[in-house]
Amino acid sequence: MDTESWKFLRSVCILSFLLGSCFVYQSLHVVVIAAPEQQDTQPSVTLQVNASKVAGRLIPDTLFRILFEEINHAGAGGLWAELVSNRGFEAGGQNTPSNIWPWSIVGDQSSIYVATDRSSPFERNKIALRMDVICDSNGCPSGGVGVYNPGYWGMNSEEGKKYKVAFYVRSTGDIDLSVSLTSSDGSLTLASEKIIASTSDVSKWTKKEVVLEAKGTDHGARLQLTTTKKGSLWILIKSLPCQWILTRNDLYQMMVDIKPRFIRFPEFARGDANSTWGSVRASMGRQEPFELKYVAIGNEDCGKTYYRGNYIVFYDAIKKAYPDIKIISNCDGSSSPLDHPADYYDFHIYTSASSLFSMYHQFDGTSRKGPKAFVSEYAVTGKDAGTGSLLAALAEAAFLIGLEKNRWNPDAIVFNSSHLYGTPSYWVQRFFAESSGSTLLSSELKGNSSSLVASVISWKNSSQDYIRIKAVNFGDNSVNLKVLVTGLDPNVMKVSGSKRTVLTSTNVMDENSFTQPEKVVPQESLLEMAEEDLTVVLPPHSLSSFDLLKESAKIRKPVSDSSYQKTSTM
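Residues numbered from 1 in each chain as written. Predicted model: local features only at pLDDT ≥ 70, side-chain atom pairs only at ≥ 80, totals over all residues. Heavy atoms only, no water.

- Looking up the chain in an unreviewed UniProt entry gives the name non-reducing end alpha-L-arabinofuranosidase, with the organism given as Brassica cretica.
- In its Catalytic activity (unreviewed entry) section, the UniProt record describing the chain reads: "Hydrolysis of terminal non-reducing alpha-L-arabinofuranoside residues in alpha-L-arabinosides." (UniProt positions renumbered as here; feature names shortened; annotations may be inferred.)

1. With respect to the state of the cysteines
- Summed over all chains, the structure comprises 2 disulfides.
- Each sulfur of the disulfide joining Cys302 and Cys331 lies 1.9 Å from the other. Taking the torsion about the S-S bond as the criterion, the Cys302 to Cys331 disulfide, at about 100 degrees, is right-handed. One end of the pair, Cys302, is in the loop between strand E17 (294-296) and helix H5 (307-321); the other, Cys331, is in the loop between strand E18 (326-329) and strand E19 (344-351), with 29 residues separating them in the sequence.
- The connectivity of the disulfides in the chain is 1-2, 3-4, where the numbers refer to bonded cysteines in sequence order. (Disulfide = S-S within 2.5 Å. Helix = DSSP H or I, 4+ residues; strand = E, 2+ residues; numbered from the N terminus.)

2. A closer look at the nonpolar core
- Among the nonpolar cores identified, the biggest contains 57 residues, and Phe363, Phe399, Val428, Val472, Leu503 and Leu543 are the most heavily contacted of them.
- Leu503 has contacts with Leu390, Leu394, Pro424, Trp427, Val428, Phe431, Val520, Val521, Pro522, His541, Ser542 and Leu543, leaving out every residue within four places of it along the chain.
- Residues Leu190, Ile195, Val202 and Ala221 belong to the second largest nonpolar core, which totals 39 residues. (Core = buried A, V, L, I, M, F, W, Y, C linked by side-chain atoms within 4.5 Å. Buried < 20%, exposed > 50% of the residue type's maximum accessible area, 1.4 Å probe, protein only. Contact = heavy atoms within 4.5 Å.)

3. What to know about the packing of aromatic side chains
- All chains considered together, the criterion is met by 13 aromatic pairs.
- Judged by centre distance (5.9 Å) and plane angle (25 degrees), the rings of Tyr311 and Tyr315 are stacked. Residue Tyr311 and its partner Tyr315 are both found in helix H5; the two are separated by 4 residues, about one turn of the helix.
- Note on Tyr315: relative accessible area 14%, which makes it buried.
- Aromatic side chains Trp459 and Tyr466 sit 5.0 Å apart centroid to centroid with 20 degrees between the ring planes, which places their arrangement in the stacked category.
- Three or more aromatic residues joined by ring pairs form one cluster here, namely Tyr152, Trp153 and Phe415.
- When the ring centre of Tyr148 is taken as reference, the NZ or CZ atom of Arg222 above it lies at 3.6 Å.
- One cation-aromatic arrangement involves Arg286 over Phe290; the distance from NZ or CZ to the ring centre is 4.2 Å. (Phe/Tyr/Trp six-rings, centres within 6.5 Å; stacked < 30°, edge-to-face > 60°. Lys NZ or Arg CZ within 6 Å of the ring centre and 35° of its normal.)

4. Observations concerning H5
- In this model, H5 (15 residues) spans 21 Å end to end at C-alpha, consistent with the 21 Å of a helix rising 1.5 Å per residue.
- For H5, the complete set of buried residues consists of Tyr307, Tyr311, Tyr315 and Ile318. Burial along H5 is one-sided: seen end-on, the buried residues are contained in an arc of 75 degrees. Away from the buried face of H5 by more than 90 degrees, exposed residues Val313 and Lys320 are located.
- Structurally, H5 contributes buried residues whose contacts are with E17 and E18. (Expected span 1.5 Å × (residues − 1). Arc of directions from axis to C-beta.)

5. Here's the deal with the side chain of Ser435
- In this structure, Ser435 sits in the loop between helix H8 (424-431) and strand E23 (439-447).
- Among the residues examined, Ser435 registers a relative accessible area of 1% and is labelled buried.
- There is a polar contact of 2.4 Å between the side chain of Ser435 and the side chain of Glu404. (Polar contact = N/O pair within 3.5 Å; in protein donor to acceptor, adjacent residues only side chain to side chain.)

6. Considerations on the sheet that holds strand E13 (residues 206-213)
- Strand order in the open sheet formed by 5 strands is E6-E7-E15-E10-E13, and the pairing between neighbours is antiparallel. Two strands lie at the open edges of the sheet, namely strand E6 (112-117) and E13, each paired on one side alone. Strand-to-strand twist of the sheet, defined as the mean angle between neighbouring strand axes without regard to direction, takes the value 30 degrees. (Pairing = 2+ DSSP bridges. Axes fitted to C-alpha atoms, helices over the stretch in contact; angles between N-to-C directions.)

7. Side note on the packing of helix H7 (residues 390-406) against H8
- At their nearest, the axes of H7 and H8 sit 8 Å apart, and the two run at 30 degrees to each other. If you check the angle between H7 and H8, you find them roughly parallel. Crossing of H7 over H8 shows right-handed handedness. Facing Leu390, Ala393, Glu396, Ala397 and Leu400 of H7, the residues of H8 in contact are Pro424, Ser425, Val428 and Gln429. (Parallel < 35°, antiparallel > 145°, perpendicular 65-115°, else oblique. Left-handed = near helix turned anticlockwise from the far one by under 90°.)

8. Details of the confidence of the model for the chain
- This prediction gives the chain a mean pLDDT of 83; 86% of its residues lie at or above 70.
- Segment residues 1-43 is flagged for pLDDT under 50; beyond a separation of four residues in sequence, or across chains, it makes 131 contacts in the model. (pLDDT = per-residue confidence, 0-100.)

9. Some points on the sheet that holds E19
- Read from one edge of the open sheet, 4 strands run E17-E18-E19-E20, paired in parallel fashion. What marks the edges here is a single partner per strand, and that holds for E17 and strand E20 (372-380). With strand direction ignored, the average angle separating the axes of adjacent strands in the sheet is 25 degrees.
- Both E19 and E20 contribute to a ladder of 8 bridges, which runs parallel. Bridge pairing in E20 places Tyr344 opposite Lys372.
- With respect to the sheet, H7 is in contact with E19 and E20, its orientation differing from that of E20 by roughly 170 degrees.

As structure tokens, this is what we get:
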């Protein structure tokens, strides 16, 4: 990730907090939120909130982060918006013959032979694709023979947009090469340009560039290189971006909207440009070291016989070179102490929805001394998850509330070359965007709350202070929730409704998709409030949040019960 992109992600707003101690005119203030679908006048569950400064706990500014890992094309074909897949013909390594997938042949074995060799002039990319064209203009198919590349999910060709194809070529003779964007089956040409050169021009490696302007839209297009000229030619693909843009800003924006406070990505980040791995980073375009603060040693290999011995070697070496870096062990220290030094321990969990929901209390009994927990990977898996279900998201929300209460977290963005959407699990992350750096308020559920999990934070947006309630209803029935707030600051005259956000659907296994990208997304509405006898209604299988605005008294004066006038804010 380059400097500007990193600054972009780090530029998310830093939240401050504002707490209070006690309420002027009474020790208990009842806040009840009205919901149109409310049926019962008696709440079945009560949420007691202590808003005092003494009872609150500051949540670390680094509560939530994003993980960058080159899986499912998160980098190539994702944030890096290169359209050609395996442009170096080196999938699986720089061996010959190499794996050229997903490149395929246009034509058949009687008209063209394709192989790879190590004739590239570039040290870092030694593999080149060789095409031996057996047919000629009289014997080749009318469209020519050659190779094509479908990209990662089919290339996104949009009418009117321009695509610059840069590549290197050499040949034993003259070339007459068509560079085209076509439909997925090659039957429709969306854009095409010819490169014609004599033997003297291409007897050595020569860089060629063409600009293709799409005459039609096809989200499953492919790049095609074809010729009807007999002979041998070698090709190296440099790049194929759309409109010369090499980043997916829509993907970046979805990550920024989660408001992550740090990013987890591979390590050669801290060494200067003259160090062994720092020089690798510098050769890739980043001279300055990244502000790396944490290093994890290993990945899910705590039980291996080699781990502890190697761990100590790496631990000592890192601490000697960079004493400020925090070391993360792969061994779980949540249930028993570690037998080796570490600043944090890595916690991974992949399980069913019901199991993850029940892990809301996972860290309640964990020792507050010694290494802290670093929950880097968690998810609902198996049949409960589908390809990103509401059920999975609600279980993950409950688990996150448990982390929020104990303090210290993935996103789930699905994309192809043209579109993207957030799964319900992604939208759950958005509910926690204000948690980092806010203040966790003491709260307690009373009543039949076995299917409920809730937390309350105090946070600030610009100049306004809020109390945010988040609640997961994992059950099949609606729940009426009465909210009691005590300990408000003397400067706070009252709290009033601001915003209500609910994530739910008609079926717990509902998912988003490219055809229905917003089937399960949060629904926002104005929060109607009255200070007397109304309740929050939590729909079945839902995650809800309610923002309560702290309203300051404009004029402070002694207040008695008789002089206090109740108000209702709509």
